[in-house]
Amino acid sequence: MSLPITSSPLEAPVLEEVPRPEYPRPDRDRSERWLTLNGRWDFEADGIQAPIMVPFAWESEASGIRRPWLERGRYRRSVLVPAAWGDRRLVLSFGAVHHRAVVRIDGTLVGEHVGGYESFEFDVTEFMVPGVASELSVEVEAPADKRQIVHGKQRSIPRDDYDGVSFTPTSGIWQSVWLEARGRTYARSVSLRGDSLTGIDVAVSVAGDAVAGAVVRARAGEASVELVTDAAGRAIGRIELAEPRLWQPHDPHLYHVEIIVGEGATADRVVATTGLRRIETHGEELLLNGSRLYVRGVLDQGYWPDTGLTAPDAEALRRDIALAGQLGYNLVRKHLKFEDPIWLHEADVTGMLVWAEPACPSRFSDAAAAAFEAQLPAMVERDGNHPSIVIWGLYNEEWGLDWDIPGSAARAEAAVRAYDLLRALDDSRPIVENSGWAHVKSDLVDWHYYEPDIATWKQAVAELASGAREAFPVRLGPDFVVDKSFYSSDEFARSGVPILNSEYGEGFTSLERAWHLRWETQELRRHDRYSGYVYTEFSDVEHECAGLLTEDRRTKDWGGTVPAHVNAETVLVLDLVPAQAGADLALPVAEFGLDVHVSHHGRSSVTVTVHGVWAAAGTPAGSVRAPAVSSAVVTAEPFELSGAVTLAVPASPAPGRFLIWATDDAGTVIARTFLDTADVEAPNRRGARAEE
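Treat the numbers as computed from the prediction; the structure is a model and nothing was measured. (Residues numbered from 1 in each chain as written. Predicted model: local features only at pLDDT ≥ 70, side-chain atom pairs only at ≥ 80, totals over all residues. Heavy atoms only, no water.)

Quick look at the layout of surface pockets
Unfilled space is identified by rolling a water-sized probe across the atoms. Empty space within the largest pocket amounts to approximately 1200 Å³. In terms of lining, the largest pocket is formed by 38 residues, of which the most central are Val-165, Tyr-450, Arg-475, Leu-476 and Glu-544. Of all the elements in the fold, those that place two or more residues in the lining of the largest pocket are strand 34 (471-477) and strand 35 (480-485). Considering every element that reaches the lining of the largest pocket, the biggest residue donor is strand 34, with 5 residues. A per-class count over the lining of the largest pocket returns 18 nonpolar, 9 polar and 11 charged. (1 Å grid on protein atoms, 1.4 Å probe; cavity = no way out; pocket = protein on both sides within 12 Å on 5 of 7 lines; lining within 4 Å. Points joined across faces, edges and corners; volume = space filled by probe spheres on them. Helix = DSSP H or I, 4+ residues; strand = E, 2+ residues; numbered from the N terminus. Nonpolar A, V, L, I, M, F, W, Y, C, P; charged D, E, K, R; others polar.)

Here's what the structure looks like:
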């Protein structure tokens, strides 16, 4: 898509390819009358006078500037409003600007916004004349010292307290900018909730010429409701659905709700999407539409090479959702970032579940806590309609709380206050007030645990599941390890709240990381008390090479591990502690018995037979072979680890791979794993540290 872009208000327009040309809000569609303002703007900063490509941060290569640590910059461009929009109100929208934006039109102040991740807009009807060019300028302040402002994973100067896992900052305009023509009285915000499962609750706030007494009509297919706004311009009602169809991961049905405000040619129209789904906790279980949900998640930080926090194009956003599904995950934890609405809409469309969370500061103060809380209304207003979002996160690992909730009543109160604020804004989802440990007030007990030794991991996971222990070691620095507990105080209930691991993963090479993924995930699946896991992480980010995929989303050498097998609905759990990556056990000189369990998270029980056969080293784990040995039949009930069946593993004359798979009573393969052997000394020649 090419549009005329003026590189300077005094120069003639030139044709140039516009980045991110798509309408930015498919979930709240006003694409009938809109104008993208992405593309080339004039930019001034610290002696720089050069063109910049919006919407890419000035640190990024894609922006054309590629300068870190600029603390302020000024953008300018010419905007020509279509003459046909003369009878409508004009709204200027920003996807996100880090960190403080002051917006002027022809030198007149329009407004300012503080908060680097929130979307915001200004009604500019009184500042622009359709058919006449105006100069739009945006002055941006982006502090290098980010410790007291929300900045997520952006690096700070001075180095903030988690600099080792922070990345190139994203400053300036880093999401799309666009202009819309709306009705004379228009829907400023639209809230849709379908958690009743029988209808859609609608709340509309209007702005413009006549906010009180405005007629608002909401329609979803053949069902509709007519509302009238109160004195504050707010209307609340419900669309009853005769034959409701639920939104579910396997059937992600969306309702397109048309909102019309007013009458005639100047009426306002927007089409918002939502789904009927209920996410709730019941004791220690997570329920989705009344059925038990097990989270098989992956952490995604939403960075791309050359463009930072901004996706290079819409297809990159959609592709990331598809790749997460291909890796076997049913949920993505989008880490410390309000992700692009196109990504969230794609999750809605495809049935991918989302754990959403805001960015946080790095040091605690009253001002930092207030800045963190200030972004929550915007988060809920922008993203609350998405049925894919099933968990709201808040703080992460006590970042912004000085790593010590238990040691400070003020920090604990900040976590509680954030929870209460978010709960008041949205009562339709579970909330985690501080992801990782030290819970004060949370709907989920989640925990982050990184452990390089599989035997230690196995024991810790079992003891945390049973309640025999509550604490685990956390490395906060190269030589600084502390014990962190699930709970911040004795008052937090030790049962009755779902427990899930929301960060884990180990290994230096990609082969080691895949090996840890396979064996660590197996141990999480062994314990039915857990409600799921979130693996760290989806893709590499700059110096952090912990991803299953590279930074540009290419696959790595997983050493035979297939993530989709590891994260399947049905998996095999082996009673064996492996020795090392590439050599799970020493070459067996005699037949030995391997006990195998089945972890099944389907809707009904399955009858399973486990098979095995030796193959050459490196044989793909999904290879089809005639089994050499098979087990007795075992029945696996949903969310209950099955009893063990014994597979008689034959001796092997040479190093190789023992393929293991399970078939249901129809002969369909429903689970796969494998064991690698090596002709080396190991703790147990029958099978490294094989369990009795």
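Side note on the packing of aromatic side chains
For the structure on display, the rule yields 26 aromatic pairs. Between Phe-94 and Phe-120 the ring centres are 4.9 Å apart and the planes differ by 10 degrees, which places this aromatic pair in the stacked class. Of this pair, Phe-94 sits in strand 8 (residues 89-94) while Phe-120 is found in strand 12 (residues 120-123), placing the two residues 26 residues apart along the sequence. A relative accessible area of 1% places Phe-94 in the buried class. Using a relative accessible area of 8% as the deciding quantity, one classes Phe-120 as buried. Aromatic side chains Trp-447 and Tyr-449 sit 6.4 Å apart centroid to centroid with 35 degrees between the ring planes, which places their arrangement in the tilted category. Pair check on accessibility: Trp-447 and Tyr-449 agree, each one buried. Between the NZ or CZ atom of Arg-333 and the centre of the ring of Trp-355, over which it lies, the distance is 5.2 Å. (Phe/Tyr/Trp six-rings, centres within 6.5 Å; stacked < 30°, edge-to-face > 60°. Buried < 20%, exposed > 50% of the residue type's maximum accessible area, 1.4 Å probe, protein only. Lys NZ or Arg CZ within 6 Å of the ring centre and 35° of its normal.)

A look at helix 5 (residues 409-425)
If you check helix 5, its first and last C-alpha atoms are 24 Å apart, about what 17 residues at 1.5 Å a residue would give, namely 24 Å. Of the residues making up helix 5, those classed as buried are Arg-411, Ala-412, Ala-414, Ala-415, Val-416, Ala-418, Tyr-419, Leu-422 and Arg-423. Those residues of helix 5 that are buried are in contact with helix 3 (366-374), helix 4 (376-383), strand 31 (389-396) and strand 32 (431-435). The opening residue of helix 5 is Ser-408, an N-cap whose side-chain oxygen sits 3.3 Å from the backbone nitrogen of Ala-410. (Expected span 1.5 Å × (residues − 1). Contact = heavy atoms within 4.5 Å. Polar contact = N/O pair within 3.5 Å; in protein donor to acceptor, adjacent residues only side chain to side chain.)

Observations concerning the sheet that holds strand 25 (residues 279-282)
An order of 25-26-27 is seen for the 3 strands of this open sheet, with the pairing classed as antiparallel. With partners counted over all chains shown, the strands left at the sheet margins are strand 25 and strand 27 (291-293), one partner each. Averaged over all pairs of adjacent strands, the angle between their axes in this sheet comes to 45 degrees, without regard to strand direction. Relative to strand 26 (residues 285-288), strand 25 is paired through 4 bridges, and the arrangement is antiparallel. By the bridge assignment for strand 26, Thr-281 is matched with Leu-286. (Pairing = 2+ DSSP bridges. Axes fitted to C-alpha atoms, helices over the stretch in contact; angles between N-to-C directions.)

So, empty space enclosed by the protein
The final tally for this structure, using the stated rule, is 8 cavities of 30 Å³ or more. Roughly 170 Å³ of internal volume is contained in the largest cavity. Together, 16 residues line the largest cavity, and Arg-518, His-565, Val-566, Arg-672 and Thr-673 are the ones closest to its centre. Elements that contribute at least two residues to the lining of the largest cavity include exactly helix 7 (510-525), helix 8 (563-566), strand 38 (570-574) and strand 45 (669-678). When residues in the lining of the largest cavity are grouped by element, the largest group, 4 residues, is from helix 7. For the lining of the largest cavity, the class distribution of residues is 8 nonpolar, 6 polar and 2 charged. If you add up the space inside the second largest cavity, you get close to 80 Å³. Its residues assigned to classes, the lining of the second largest cavity comprises 7 nonpolar, 4 polar and 4 charged.

Points about the confidence of the model for the protein
Averaged over all residues, the pLDDT of the protein equals 95, while 96% of them reach at least 70. Of all the helices and strands in the protein, strand 1 (residues 2-5) carries the lowest mean pLDDT, 34, while strand 30 (residues 353-356) carries the highest, 99. Of the regions scoring below 50 in pLDDT, residues 1-14 engages in 30 contacts with residues more than four places distant in sequence or in other chains. (pLDDT = per-residue confidence, 0-100.)

Thoughts on the environment of Glu-451
The residue Glu-451 is located in the loop between strand 33 (445-448) and helix 6 (454-466) in this model. Assessed through its relative accessible area of 12%, Glu-451 is described here as buried. When near neighbours in sequence (up to four residues on either side) are disregarded, Glu-451 contacts Thr-456, Trp-457, Glu-506, His-516 and Glu-520.

Overview of the pattern of salt bridges
All chains considered together, the criterion is met by 62 salt bridges. For Asp-490, the salt bridge identified is with Arg-494, shortest N-O distance 3.9 Å. Of the residues examined, Asp-490 reaches a relative accessible area of 70% and is grouped as exposed. Judged by relative accessible area, Arg-494 falls into the partly exposed class, the value being 29%. The residue Glu-523 makes a salt bridge to Arg-526 at a minimum N-O spacing of 2.8 Å. Across the pair, Arg-526 and Glu-523 agree in class, each one buried. Members of the salt-bridge network, linked through shared partners, are Arg-30, Glu-121, Glu-180, Arg-182 and Asp-268. (Salt bridge = Lys/Arg side-chain N within 4 Å of Asp/Glu carboxyl O.)

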